[in-house]
Amino acid sequence: MEINWEQLRQVAAKASEKAYAPYSNYPVGAAAITDSGQIISGANVENASYGLTLCAECSLVSELFAKGGGKLVAFCCVDQEGAVIMPCGRCRQLLSEHAATGMMLETISGIKSIEEVIPDAFGPSDLQEN
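Residues numbered from 1 in each chain as written. Predicted model: local features only at pLDDT ≥ 70, side-chain atom pairs only at ≥ 80, totals over all residues. Heavy atoms only, no water.

S.K.: Any chance you could explain the overall build of the chain here in plain terms?
M.R.: When helices and strands are tallied, the chain shows 4 helices and 5 strands. Computed over C-alpha atoms, the radius of gyration of the chain comes to 14 Å, within 12% of the 14 Å expected from 2.2 N^0.38 for 130 residues, which places it in the range of a compact globule. Overall, the C-alpha framework of the chain stretches about 45 × 35 × 30 Å when taken along its three principal axes. Looking at the chain residue by residue over its 130 residues, the buried ones come to 41%. As displayed, the chain has an accessible area near 7100 Å², and 51% of this comes from carbon and sulfur atoms. Positive and negative side-chain charges of the chain, numbering 8 and 16 respectively, have mean locations separated by a distance of 5 Å. (Helix = DSSP H or I, 4+ residues; strand = E, 2+ residues; numbered from the N terminus. Rg over C-alpha atoms; globule rule 2.2 N^0.38 Å. Buried < 20%, exposed > 50% of the residue type's maximum accessible area, 1.4 Å probe, protein only. Areas by Shrake-Rupley, 256 points an atom, 1.4 Å probe, with all protein chains shown as cover. Lys, Arg positive; Asp, Glu negative; His and termini not counted. Charge placed at Lys NZ, Arg CZ, Asp CG, Glu CD.)

S.K.: How should the side chain of Thr107 be read in this particular structure?
M.R.: Examined against the element boundaries, Thr107 turns out to sit in strand E4 (residues 99-107). Residues contacting Thr107, with those up to four places away along its chain left out, are Val84, Met86, Lys112 and Val117. (Contact = heavy atoms within 4.5 Å.)

S.K.: Sorry if this is basic, but what is going on with the packing of helix H2 (residues 56-66) against helix H3 (residues 89-97) here?
M.R.: When two helices pack together, their arrangement is captured by the angle between the axes and the distance separating the axes. Contact geometry for H2 and H3: axes closest at 9 Å, N-to-C directions at 20°. In terms of axis orientation, H2 runs roughly parallel to H3. You can see that H2 and H3 cross each other, and the crossing is left-handed. For the pair H2 and H3, the contacting residues are Glu57, Cys58 and Val61 in the first and Arg90, Cys91, Leu94 and Leu95 in the second. Classifying every residue of the contact of H2 with H3 gives 5 nonpolar, no polar and 2 charged. (Axes fitted to C-alpha atoms, helices over the stretch in contact; angles between N-to-C directions. Parallel < 35°, antiparallel > 145°, perpendicular 65-115°, else oblique. Left-handed = near helix turned anticlockwise from the far one by under 90°. Nonpolar A, V, L, I, M, F, W, Y, C, P; charged D, E, K, R; others polar.)

S.K.: Looking at this model, I keep getting lost on the pairing of strand E5 (residues 110-113). Mind explaining?
M.R.: Strand residues, when the strand is regular, have side chains that alternate between the two faces of the sheet. Here E4 pairs with E5 via 4 bridges, running antiparallel. Counted as the bridge partner of Glu106 is Ile111 from E5. (Pairing = 2+ DSSP bridges.)

What follows is the structure in structure tokens.
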């Protein structure tokens, strides 16, 4: 599948315009392509208690399931200026759980696979009984 990274960045930047970030003033948008070819997006939604804040990646995964599910094959996350940013560790774990094998991410150091950004990730197979 050909991945148009510029298009993903644009969709993510558009999503960041809908972020709710009154505390950090750091709107974030995320965009991904699913295994069915659909483009989905999400934005961060902050909360006064901070710990309940939802990252853009959380919003994106909610959108994934709202649109019928599937697996993510390509992902990009940007700040309010449209600059590529790296998902936090929690969000890398979340993305890993919903990634197709070999999912590609545009990172601050180039295009990398999900396996490169979260090697040896804990996942559903770790919870299966032996």
